Amino acid sequence: MQGWHGLDDVPGDWGRSVVTIGVFDGVHRGHQRMVGRAVALAAELGLPAVVITFDPHPEEVVRPGAHPPRLTTAGHRAELLGALGVDAVCVLPFTLEFSRMTPDEFVQAVLVDRLHAAGVVVGENFRFGHKAAGSLDTLRELGEKYDFVAEGVPLVSDGEAISSSLVRESLAAGDVEAAARALGRPHRVEGVVVRGHQRGRALGYPTANVEHPPSSAIPADGVYAGWLECVQSPSPDQGRRWPAAISIGTNPTFDGVARTVEAYALDRDDLDLYGAHVVVDFGRRLRATLKFGSVDELVEQMRRDVDEARRFTAG
């Protein structure tokens, strides 16, 4: 799969293609259906399939400070899109100037002049151009003008409407299983392991304190079962994945203030992951965050949490 950052990266000899457009945050099952249709249409026409996505999220530019938490990093999003069988992912830098393009200007500059679109596949509620003036109907009209066909795909799975907002609402409620059903895989948080207060190590459950991008979509405070994977590290642990008990919250037993994501690789007290890039995949919420009357009570509950996480991940 080819990866392009901006239109200047598109090869000068690029021929006709089928294009699908969207933010694709989360690459959920609705997105997967839309990209799948683009790949199928490209195969029918004997052309490559291209995904156009945007970075940063358009809301960050149009309404600074009001953008939603990100379900995927840019790198993970490209990886997920590539796994759906597309031939190229083109990430367009979304700027204020870009946001002011009219629908016709966007189509001509992006779809016609650079990608030579023969077909364009979007969601049925697709909006584009300055102040979201363009719709699927607009795209079809412009397709007649510029010689491409435009299709709208409902973002549904098994008859249920799927959206990135739905996934975010599930995560905010701590329902990572509902989020996983909409995504088609466990929700993931990634970041670099940094030094914390090392209380877990002192209590017999050393955790990886994951410093994630501030815009990440983090599930509600609580304790979860899931998995911890080391994706980049100079240590021999790179590429390894462990079942894990995951804690999100402020450590109220110790009167903490900062909200953290900490993962304990089950039955491993020998890992040194400081500085490593890791991912945490969430499987099930085990309980809410609680404040315990003593450290002994906390340790006993942690033992039960670990046992439950072990049973879940083994299954």
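The structure contained in this document is the topic of the report that follows. (Residues numbered from 1 in each chain as written. Predicted model: local features only at pLDDT ≥ 70, side-chain atom pairs only at ≥ 80, totals over all residues. Heavy atoms only, no water.)

### Some remarks on unusual backbone geometry
The omega angle of the peptide bond from Asp 55 to Pro 56 is 0°, so this bond is cis rather than trans. The phi dihedral of Asp 147 is positive, around 70°, even though this residue is not glycine. By the element assignment, Asp 147 lies in the loop between helix H6 (136-146) and strand S6 (149-153). Exposure remark for Asp 147: the relative accessible area of 54% places this residue in the exposed category. (Helix = DSSP H or I, 4+ residues; strand = E, 2+ residues; numbered from the N terminus. Buried < 20%, exposed > 50% of the residue type's maximum accessible area, 1.4 Å probe, protein only.)

### So, the pattern of salt bridges
For the structure on display, the rule yields 23 salt bridges. A salt bridge links Glu 229 to Arg 241; its shortest N-O distance comes to 3.2 Å. A residue pair is termed long-range when its members are at least 10 positions apart, and Glu 229 in strand S11 (residues 222-232) and Arg 241 in strand S12 (residues 241-249) qualify at twelve residues. Residues joined by salt bridges that share partners form a network here, namely Asp 267, Glu 300, Arg 303, Arg 304, Asp 307 and Arg 310. (Salt bridge = Lys/Arg side-chain N within 4 Å of Asp/Glu carboxyl O.)

### Overview of the packing of helix H7 (residues 164-172) against helix H8 (residues 176-183)
Look at H7 against H8: their axes get within 7 Å of each other, and the N-to-C directions meet at 160°. When the axes of H7 and H8 are compared, the pair comes out roughly antiparallel. Considering the relative orientation of H7 and H8, their crossing is left-handed. Together, Val 167, Ser 170 and Leu 171 of H7 and Val 176, Ala 178, Ala 179, Ala 182 and Leu 183 of H8 make up the contact between the two elements. For the contact of H7 with H8, a count of residues per class yields seven nonpolar, one polar and no charged. (Axes fitted to C-alpha atoms, helices over the stretch in contact; angles between N-to-C directions. Parallel < 35°, antiparallel > 145°, perpendicular 65-115°, else oblique. Left-handed = near helix turned anticlockwise from the far one by under 90°. Contact = heavy atoms within 4.5 Å. Nonpolar A, V, L, I, M, F, W, Y, C, P; charged D, E, K, R; others polar.)

### Considering the nonpolar core
Judged by nonpolar contacts, the single largest core of 32 residues is most densely connected at Ile 21, Ile 52, Phe 106, Val 107, Leu 111, Leu 115 and Leu 139. When residues of this core are traced back to their parent elements, those giving at least two are strand S2 (17-21), strand S3 (49-55), strand S4 (88-93), helix H5 (103-112), strand S5 (117-123) and H6. Aside from chain neighbours lying at most four places away, what touches Ile 52 is Val 19, Thr 20, Ile 21, Gly 22, Phe 24, Cys 90, Leu 92, Val 110, Leu 111 and Leu 115. Grouped together as the second largest cluster of nonpolar side chains are 31 residues, Leu 171, Val 176, Ala 182 and Ile 246 included. (Core = buried A, V, L, I, M, F, W, Y, C linked by side-chain atoms within 4.5 Å.)

### Digging into the sheet that holds S12
Here six strands make up a closed barrel; going around it, the order is S9-S10-S13-S12-S11-S14 and the pairing antiparallel. Averaged over all neighbouring strand pairs, the angle between strand axes comes to 45°, with direction disregarded. In the sheet, strand S9 (residues 187-194) pairs with strand S14 (residues 277-287) via six bridges, with the strands oriented antiparallel. Note on S14: the bridge partner recorded for Glu 190 is Val 279. Along the sheet, H8 contacts S9, S11 and S14; its crossing angle with S14, the most-contacted strand, is approximately 120°. Docked against the sheet, helix H10 (residues 295-314) engages S11, S12, strand S13 (260-265) and S14, running at close to 100° with respect to S14. (Pairing = 2+ DSSP bridges.)

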